[in-house]
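Spelled out, the chains give:
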Amino acid sequence: MRKMMWSAVVAGGAAIVFTGVAAVPAGAAEGGVSFSRVTVNGGKPIVIGVKEEVEVRAAFRMTTTLRYDHGPTVLPYRGKLDSGDRLYSAVITSDCEVVDKAKGICDFDEWLYIDPRHVDFGNEDAGTWKTAGRVFLPGDAQDTDDLNLPLQVKRATRVTVDASPEPVAVGKAITVTGRVTRANWNTHTYQGYAGRTVSLQFKAAGASSYTTVKKVTSSSTGALRTTVKATKPGTWRWTYYGNSTSGAKSSTGDYVAVR
């Protein structure tokens, strides 16, 4: 089973690398540490392209009266807590913001970095991940807890649009084309995304929001094409709403004057 490296920069700025460290199985007795109030990416899916490193914000509360050497962190994992895949990351964790010193309650902010160009990162990493909280204690001990918080990791999509002719006479046909593509983390390119249901949307001149006019299925190359009747001036766009492994995306708008 593929094992990814967890790399962390913890409070105080010390750089540490952990690989293949045994963890406390889910459901095991607490080791004197608990994690709560965990949020990762504001509860939204983590959408990743093909080149740019993604920064994911997280926050959590840790309660312990034990002394700890380094950490804590919250990190994605998949499979078994003690032997599953770890989403490759670099992590920066803030110092403790004391909530209750006597009870050992601290709040932390965290920045998780995911690089789609890393050798161990590929298309198979799209989907649902779990979240663990971990802190290292003196004497090589640790407390690692399953936080029962699912995370969706998705391949980014792109959508283009072109509406023509511009301008167009009222009542005449407008042809709207475009293409939907999806990040391929194995090749680090965007490739045509076939068989996707994509919504054609229109925002009339002076309006504040788009409405869906019709839905179109992308071709084998991800191409989109349809015709509509020109009734009023406004802006056209395509919107793909995503799925369990692919992010949602709207194209930019293309304004068409109607005379």
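I will try to describe carefully the structure that is included in this document. (Residues numbered from 1 in each chain as written. Predicted model: local features only at pLDDT ≥ 70, side-chain atom pairs only at ≥ 80, totals over all residues. Heavy atoms only, no water.)

### Re the nonpolar core
Residues Phe35, Val40, Ile46, Ile48, Val56, Ile114 and Trp185 are the most contacted members of the largest nonpolar core, which totals 31 residues. Within the residue set of this core, elements represented by two or more residues are β3 (34-40), β4 (46-48), β5 (54-63), β6 (70-78), β10 (105-114), β11 (127-136) and β13 (151-155). Ranked by residues supplied to this core, first place goes to β5 with 5 residues. Among all residues touching valine 40, those that are not within four sequence positions of it are Ile46, Val56, Arg57, Ala58, Leu149 and Leu151. Grouped together as the second largest cluster of nonpolar side chains are 20 residues, Val168, Val176, Leu200 and Ala230 included. (Core = buried A, V, L, I, M, F, W, Y, C linked by side-chain atoms within 4.5 Å. Buried < 20%, exposed > 50% of the residue type's maximum accessible area, 1.4 Å probe, protein only. Helix = DSSP H or I, 4+ residues; strand = E, 2+ residues; numbered from the N terminus. Contact = heavy atoms within 4.5 Å.)

### A word on the environment of lysine 232
Inspection of the secondary structure puts lysine 232 in the loop between β19 (223-229) and β20 (234-240). Overall, lysine 232 belongs to the partly exposed group, its relative accessible area being 44%. Sequence separation between lysine 232 and alanine 205 is 27 residues, and the spatial gap between their C-alpha atoms is 7.9 Å. In contact with lysine 232, other than residues within four places in its own chain, are Phe202, Ala204 and Val258.

### Examining the state of the cysteines
In the structure shown here, the tally under the stated rule is 1 disulfide. Two residues share a disulfide in this structure: cysteine 96 and cysteine 106, whose sulfurs sit 1.9 Å from each other. In this structure, the disulfide formed by cysteine 96 and cysteine 106 twists by about -75° around the S-S bond and is classed as left-handed. With cysteine 96 in the loop between β8 (89-93) and β9 (97-100) and cysteine 106 in strand β10, this residue pair connects regions lying 10 residues apart in the sequence. You can call cysteine 96 partly exposed: its relative accessible area is 29%. (Disulfide = S-S within 2.5 Å.)

### Some points on the packing of aromatic side chains
For the structure on display, the rule yields 5 aromatic pairs. A centroid spacing of 6.1 Å and a plane angle of 50° characterise the contact between phenylalanine 35 and phenylalanine 60, whose relative ring orientation is tilted. With phenylalanine 35 in strand β3 and phenylalanine 60 in strand β5, this residue pair connects regions lying 25 residues apart in the sequence. Overall, the relative accessible area of 12% leaves phenylalanine 35 in the buried class. By relative accessible area, which is 2% here, phenylalanine 60 ends up buried. Geometrically, the ring pair formed by tyrosine 193 and tyrosine 240 is edge-to-face, given 5.9 Å between the ring centres and 80° between the ring planes. Separated by 47 residues along the polypeptide, tyrosine 193 in the loop between β16 (189-192) and β17 (197-204) and tyrosine 240 in strand β20 bring together distant segments of the chain. Site record: aromatic cluster; members linked through ring pairs are Phe35, Phe60 and Phe108. Lying across the ring of tyrosine 190, arginine 158 places its NZ or CZ 3.9 Å from the centre. Its guanidinium or amino end placed over the ring of tyrosine 193, arginine 196 lies 4.5 Å from that ring's centre, counting from NZ or CZ. (Phe/Tyr/Trp six-rings, centres within 6.5 Å; stacked < 30°, edge-to-face > 60°. Lys NZ or Arg CZ within 6 Å of the ring centre and 35° of its normal.)

Everything listed is a geometric property; what it means functionally is a separate question.
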